[in-house]
Amino acid sequence: MKYVIVCILIFGIVLDTDAQRNSFYTTNKAPLQAQSYTQLPLGAIRAKGWLLKMLELQRNGLTGNLDVLYPEVCGSTNAWLGGNGDAWERGPYWLDGLVPLAYILNDEKLKAKAQQWIEWCINTQRADGYFGPQSPATPLPKIKGIQNSDHEDWWPKMVMLKVLQQYYSATGDKRVILLMSKYFNYMLNTLPRTPLGHWTFWGAQRGGDNLAIVYWLYNITGESFLLELGNLIYQQTTPWKNIFTDGTLATVNPYPQIHCVNIAQGFKTPAIQFQRTGDSSYLQSIKQGLQTLRNVHGFANGMYGGDERLHGNNPTQGSELCSAVEMMFSFESILPITGDVYYADYLEKITFNVLPTQHNDDFTLKQYFQQVNQIKITYDRRNFFNDNYGRIVFGLLTGYPCCTANMHQGYPKYVQNLWYATQDDGVAALVYGASDVTLKVKGNKTISFTEETNYPFESSIRFRYTSKHNAEFPLHLRIPLWCKTGIITVNGVKYADANGGEIIKLNRTWQMNDVVNLELPMEVQLTRWFENSVAVERGPLLYALPLQEQWVKKTNDDFPQPFYEVLPDSPWNYGLPFHVIDKKVFTVTTSAVSDMPWNINNAPVHLTTQAKQLNQWLEYNHSAGPLPSSRTSGNAAKLEMVKLIPYGCTTLRIAQFPVTD
Ligand SMILES: [Zn+2]
């Protein structure tokens, strides 16, 4: 048996050494496994269409102004700027979205805001390699809403390492490499005495984020101590590979509790360490974990019951905004390592459904928890941890302020993952959105593509080669798993049909204005969830019955800053009749796509169908009450025509429907 294992390992290493690696960008260096796709430098990809609009809203809203709107944490008293204030994750969280936003938009004002934090980190690094806030000689008095203890906690540094990595990707500032190399030496010397979980448990649970940067630095410097440090960090990190496979997630209320955001972050950990081991069981554990999460805690929007702790799949449980953006970042980390279409689909699902509904239209308010079946958003009791009742209302600091600081990474990092460099020195588009890209390909040629589309609101995507010179290289395109057959034409001539789940590689000599059209036919698909409720999906979008919204501004003693309740102006308790489900009675209507499509007035697609009110489905604890078990019989209510719109366009909605007769 031992002999067999040794052979497989040797075989793995041989394969690895032979594997092709991208010639132009920072990619895995042996003995790390060759990665399927390689991220491009920050700034190589520019957003267009609605994605650009979201970035501009962020710039004009919370992301561009959090230092002014939330000065007690993101202002000059922050310990990451040398002050006596917050020393923990929230400053770095903000920067983790601000830096990619600044460099994708090429916005000098935003770059300057980020630069002072980066300069402080670099200029105050200690001789022993430690960087970040220093422990004060005597503990600071506690200040409400400020975390000014545990200055040496490993966890917030993990976030700042992500910030510095992105800053380096955009600028090539070599001081970042020196800082990281010295800091990782410090970690190697110090972790045996004060392991990742020494200061807080967050450090151990989120060690995968740290590990990713250690391997990234190894790919730049080749310093062998980094591989040793990688093994040490992996040993001290929560064993997510086991948690995903040992049945822990299959418990409706696991105890000890598992925090929702840590799971989202934990998903990347086995993939990061797979790069070192080449052992496919690391990758299998992620899919097993995601499948279990869906089965026991899953919602139709791609998230899971996680209102602080894992909390089952009733569609009135909450899911946290941090969980959504961290799921996105985990998939953005796993996708280039594996090249697996499954993660690209999952990334789009969270981006197009979960993210747009959890901030308001001008990106000035956020919602800490969202519900899939969300009938009112009020300052009231809910059936989950909801201290001071503020976890569901829209506000700046309502709920808990982690999301206020962490939400900014969502759209910018999605844009940054629209295009990759490939192992065969070409270019890949694996998740879709209107954009431009410029990169180096085979023969050291710099080339550009423009991606024109209103995806996910339309099914066709056009890739136009915009360089003046001809160049020969492959273009990789993903066919999502939800698509039966993708149709590819080049300059109007049929090139190929492709099955869902494939990545198609178009090898050709590209000429100015060559256009590849990718058609991804979207069909209505019905999926089953809690109490056999039905969800209506079409392509990457989930559809929901929207409720008319009335936004009401409020303040109270807990939250002196204004926050918003959202009250329904139309009935909510509808089920879908069995014949609608059985015969898929849905009529698709599309309209023009505005640059801000994510609200009920601008929804660019709707599905018309029939529904019936269910009089026994009542409100409970200010949420939709117990979901009538499908299929409900004896319903005498009349059939009504209703319009379902993309879930991401709704604030109040029903998206998991009981089935009625
Ligand atoms: Zn949060």
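Predicted, not measured: the structure shown is a model, and the values here were computed from it.

**A closer look at the sheet that holds strand β16 (residues 493–499)**
Read from one edge of the open sheet, 7 strands run β2-β11-β12-β13-β18-β15-β16, paired in antiparallel fashion. With partners counted over all chains shown, the strands left at the sheet margins are β2 (45–47) and β16, one partner each. Strand-to-strand twist across the sheet, computed as the mean angle between neighbouring axes with direction ignored, equals 20°. Here strand β15 (residues 485–490) runs beside strand β18 (residues 515–519); their pairing, made up of 4 bridges, is antiparallel. Across the sheet, the residue bridging to Ile487 is Glu519, located in β18.

**Points about the packing of aromatic side chains**
In total, this model carries 42 aromatic pairs according to the counting rule given. For the pair Trp50 and Phe352, a centre-to-centre distance of 6.0 Å together with 75° between the ring planes defines the contact as edge-to-face. With a gap of 302 residues between them, Trp50 in helix α2 (residues 49–60) and Phe352 in helix α17 (residues 341–354) connect regions that are remote in the sequence. Across this residue pair, the class does not change: Trp50 and Phe352 are buried. Considering the side-chain rings of Tyr342 and Tyr346, the 5.8 Å spacing of their centres and the 80° angle between planes classify their relative orientation as edge-to-face. Taken together, the positions of Tyr342 and Tyr346, both in helix α17 and 4 residues apart, correspond to about one turn of that helix. Between Arg294 and the ring centre of Trp529, over which it is positioned, the NZ or CZ distance is 4.0 Å.

**A look at the packing of α2 against helix α3 (residues 62–69)**
A pair of packed helices is characterised by two quantities: the angle between their axes and the separation of those axes. At their nearest, the axes of α2 and α3 sit 4 Å apart, and the two run at 10° to each other. In terms of orientation, α2 lies roughly parallel with respect to α3. Contacts from Gln58, Arg59 and Asn60 of α2 reach α3 at Leu62, Thr63, Gly64 and Asn65. When grouped by side-chain class, the residues that make up the contact of α2 with α3 number 1 nonpolar, 5 polar and 1 charged.

**What to know about helix α10 (residues 207–221)**
In this model α10 runs 21 Å from its N-terminal to its C-terminal C-alpha over 15 residues, within 8% of the 21 Å that 1.5 Å per residue would give. What α10 keeps buried is the set Gly207, Gly208, Asp209, Asn210, Leu211, Ile213, Val214, Tyr215, Trp216, Leu217, Tyr218 and Asn219. Gly222 sits one or two positions beyond α10 and adopts a positive phi of about 70°.

**Points about the nonpolar core**
Core analysis: the biggest nonpolar cluster contains 219 residues, and Met180, Phe184, Trp419, Phe449 and Phe463 have the highest contact counts within it. Discounting residues that sit within four places of it in the chain, Met180 has contacts with Leu161, Leu164, Gln165, Ile213, Trp216 and Leu217.

**Points about the sheet that holds strand β10 (residues 427–429)**
Strands sit in the order β1-β9-β10-β14-β17 across an open sheet of 5 strands; the sheet is mixed. With one partner strand each, in any of the chains shown, β1 (37–39) and β17 (503–510) form the two edges of the open sheet. Here the strands of the sheet are splayed against their neighbours by 35° on average, with no regard to which way each runs.

What counts as what
- Throughout, residues of each chain are indexed from 1 in the direction in which the sequence is written.
- Predicted model: local features are reported for residues with pLDDT of at least 70 only, side-chain atom pairs are reported and counted for 80 or more only, and whole-chain, interface and lining totals are derived from all residues.
- Neither water nor hydrogens contribute to the side-chain values; these are computed over all heavy atoms in the structure.
- Two strands make a pair as long as DSSP finds a minimum of two bridges between them.
- Numbering of helices and strands runs from the N terminus, with a helix taken as a DSSP run of H or I at least four residues long and a strand as a DSSP run of E at least two residues long.
- Here, axes are lines fitted to C-alpha atoms. For helices the fit covers the stretch in contact, and angles between N-to-C directions go from 0 to 180 degrees.
- Paired rings are identified among Phe, Tyr and Trp, the last through its six-membered ring, by centres lying within 6.5 Å, and are further divided according to the angle between planes into stacked (under 30 degrees), edge-to-face (over 60) and tilted (the rest).
- Think of it in three bands: residues with accessible area under 20% of the maximum for their type are buried, residues over 50% are exposed, and the middle band is partly exposed, with areas taken using a 1.4 Å probe on protein chains only.
- By definition here, charges over rings are those cases where NZ of Lys or CZ of Arg is within 6 Å of the ring centre and within 35 degrees of the ring normal.
- For classification purposes, an angle smaller than 35 degrees is called roughly parallel, one larger than 145 roughly antiparallel, one from 65 to 115 roughly perpendicular, and anything else oblique.
- Note on contacts: a residue pair is in contact if any heavy atoms of the two residues lie within 4.5 Å.
- Lys, Arg, Asp and Glu make up the charged group, whereas Ala, Val, Leu, Ile, Met, Phe, Trp, Tyr, Cys and Pro make up the nonpolar group; the residues left over, Gly among them, are polar.
- One fewer than the residue count of a helix, multiplied by 1.5 Å, yields its expected span.
- Working definition of a nonpolar core: buried Ala, Val, Leu, Ile, Met, Phe, Trp, Tyr and Cys residues. They are joined through side-chain atoms within 4.5 Å.

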